[in-house]
Amino acid sequence: MTLRALWVLRNVDRILCEDTRITGRLLARFGIDTPLDSYHDHNADRVRPAVLEALRRGERLALVSDAGTPLVSDPGFKLVSAALAEDLPVTAAPGPSAAMTALILSGLPPDVFLFAGFLPSRAASRRRALGDWAGLAATLVFFEGPSRLAGSLADMADTLGDRQAAVARELTKRHEEIRRGRLSELAAHYRLAGAPRGEAVVVVGPPEAQPAVSEAEVDDRLCALLAAHSLRDAVARLAGETGLARRPLYERALKLQRGEEKAE
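Scope of this entry: the structure provided in the associated data block. Nothing here was measured: the structure is a model prediction, and the numbers come from that model.

What follows covers the overall build of the chain. When its secondary structure is counted, the chain shows 11 helices and 8 strands. Whereas a compact globule of 264 residues would reach a radius of gyration of roughly 18 Å, the chain reaches 23 Å, over 25% beyond that. Counting all 264 residues of the chain, 38% fall into the buried class. Partitioning the contacts of the chain with sequence separation of at least 6, the portion at a separation of at least 24 is 65%. For the chain, the computed accessible surface area is about 14,700 Å², with 53% contributed by carbon and sulfur atoms. A gap of 4 Å separates the mean positions of the 35 positive and 35 negative side-chain charges of the chain.

As structure tokens, then:
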């Protein structure tokens, strides 16, 4: 909690929050008695017009999330976008960010990174999304729920290659946990240990430098992948494993599918 955030919460007219019980405990801890109103996924469409009208009247409102940073994978984005569209003043009182904290603690390169939020819940859609980022020269940061963590880590290892990664939980809290290792190792750990408590942040390192691969080896590996996966997934997997550009791999895979000669 920052001094600026405490000042804001004490001096606004109302506080919008996901769960008044959770935010109420926070305010009680600091002796703040500002009125609370609910604003969450299930009532946002109904409540948003009244909130915007209050802002037009000059009311000062604060938006608080249950955990992490408002607007980062929570329902505040549409409200802020609507306020900005009407030129209503919006500012931020920065606080803890799970994505940034996990990136810092992961030990993985932080200079270029992509924050992708939550992956799709269905395995096929999840692998397609991962395939889009397989060749990106950046550290990848995801949120994931406890019940899907082991499966997502296994899909990451399969689609991105067995990269260095970290799983961060309970950040800045008493039971903070950072587990580092290869994606396959982390997947095996959570498969055996079971779903952890609470949501996790998964940080995946960028593609690792690979030795040069001959055209014949590329063809062999593409053929093996095409036998088990769609063309798109096969290309994404090989791009992630080798660091080779996806477009030439895609063109080569098409030729192989059409039965053209493999490289000798």
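Tallied over the entire structure, the rule returns 3 aromatic pairs. Summarising the aromatic geometry, the rings of F115 and F143 are spaced 5.0 Å apart at their centres and angled 70° between planes, so their arrangement reads as edge-to-face. Here the residue F115 occupies a position in strand β4 (residues 113–118), and F143 occupies one in strand β5 (residues 139–144), the gap between them amounting to 28 residues. You can call F143 buried: its relative accessible area is 11%. Relative to F142, the ring of W133 lies with its centre 5.9 Å away and its plane at 45°, an arrangement referred to as tilted. W133 gets classed as partly exposed once you look at its relative accessible area, which sits at 23%. Here F142 falls in the buried class, since its relative accessible area comes to 0%.

Within a sheet, each strand pairs with its neighbour through backbone hydrogen bonds, oriented either parallel or antiparallel. The strand order across the open sheet formed by 5 strands is β4-β5-β8-β6-β7, and the pairing between neighbours is mixed. Looking at the sheet topology across the chains shown, the edges are occupied by β4 and β7 (177–182). Sheet twist, expressed as the average angle between the axes of neighbouring strands with direction ignored, equals 15°. Note that β4 and β5 share 4 bridges and pair parallel. Among the inter-strand pairings, F118 is bridged to a residue of β5, identified as F143. On top of the sheet, helix α5 (residues 98–106) reaches β4, β5, β6 (164–169), β7 and β8 (200–204); it is set at about 50° to β8, its chief contact. Helix α7 (residues 149–160) contacts β5, β6 and β8 of the sheet and is inclined by roughly 10° relative to β8.

All right, on to the pairing of β8 then. The element β8 is largely enclosed, with a buried count of 5 among its 5 residues. The two faces of β8 match: A200, V202 and V204 on one face and V201 and V203 on the other face are all buried. Sheet analysis places β5 next to β8, joined by 5 bridges and oriented antiparallel. Residue pairing in the sheet places E144 in a bridge with A200 of β8.

Helix length check: α7, at 12 residues, gives a terminal C-alpha distance of 16 Å against a target of 16 Å (1.5 Å per residue), a fit within 8%. Most of α7 sits inside the fold, with 9 of its 12 residues counted as buried. The complete set of buried residues in α7 reads L149, A150, S152, L153, D155, M156, A157, T159 and L160. Looking at the packing, one finds that the buried side of α7 touches α6 (123–132), β5, β6, α8 (183–193), β8 and α10 (231–242).

This part is about unusual backbone geometry. The residue D87 is not glycine, and still its phi comes out positive at about 60°. By secondary structure assignment, the location of D87 is in the loop between α4 (76–85) and α5. Although it is not a glycine, E170 adopts a positive phi angle of roughly 50°. Along the chain, the position of E170 falls in the loop between β6 and β7. By relative accessible area, E170 is classed as partly exposed at 26%.

Below, the discussion takes up the nonpolar core. L153, M156, V167 and V204 are the most contacted members of the largest nonpolar core, which totals 21 residues. Looking at this core, the elements that each hand over two or more residues are α6, β5, α7, β6, α8 and β8. Here this core gets 6 residues from one element, more than from any other, and that element is α7. Setting aside chain neighbours within four positions, we find M156 in contact with L119, L130, F142, G161, L183, V202 and V204. Counting residues in hydrophobic clusters, the runner-up holds 12 residues, among them L225, L226, V235 and A239.

Moving on, we get to the environment of H229. Relative to the assigned elements, H229 resides in the loop between α9 (215–226) and α10. If sequence neighbours within four positions are ignored, H229 has contacts with D158, A234 and R237.

Cut-offs and rules
Residues numbered from 1 in each chain as written. Predicted model: local features only at pLDDT ≥ 70, side-chain atom pairs only at ≥ 80, totals over all residues. Heavy atoms only, no water. Helix = DSSP H or I, 4+ residues; strand = E, 2+ residues; numbered from the N terminus. Rg over C-alpha atoms; globule rule 2.2 N^0.38 Å. Buried < 20%, exposed > 50% of the residue type's maximum accessible area, 1.4 Å probe, protein only. Contact = heavy atoms within 4.5 Å. Areas by Shrake-Rupley, 256 points an atom, 1.4 Å probe, with all protein chains shown as cover. Lys, Arg positive; Asp, Glu negative; His and termini not counted. Charge placed at Lys NZ, Arg CZ, Asp CG, Glu CD. Phe/Tyr/Trp six-rings, centres within 6.5 Å; stacked < 30°, edge-to-face > 60°. Pairing = 2+ DSSP bridges. Axes fitted to C-alpha atoms, helices over the stretch in contact; angles between N-to-C directions. Expected span 1.5 Å × (residues − 1). Core = buried A, V, L, I, M, F, W, Y, C linked by side-chain atoms within 4.5 Å.

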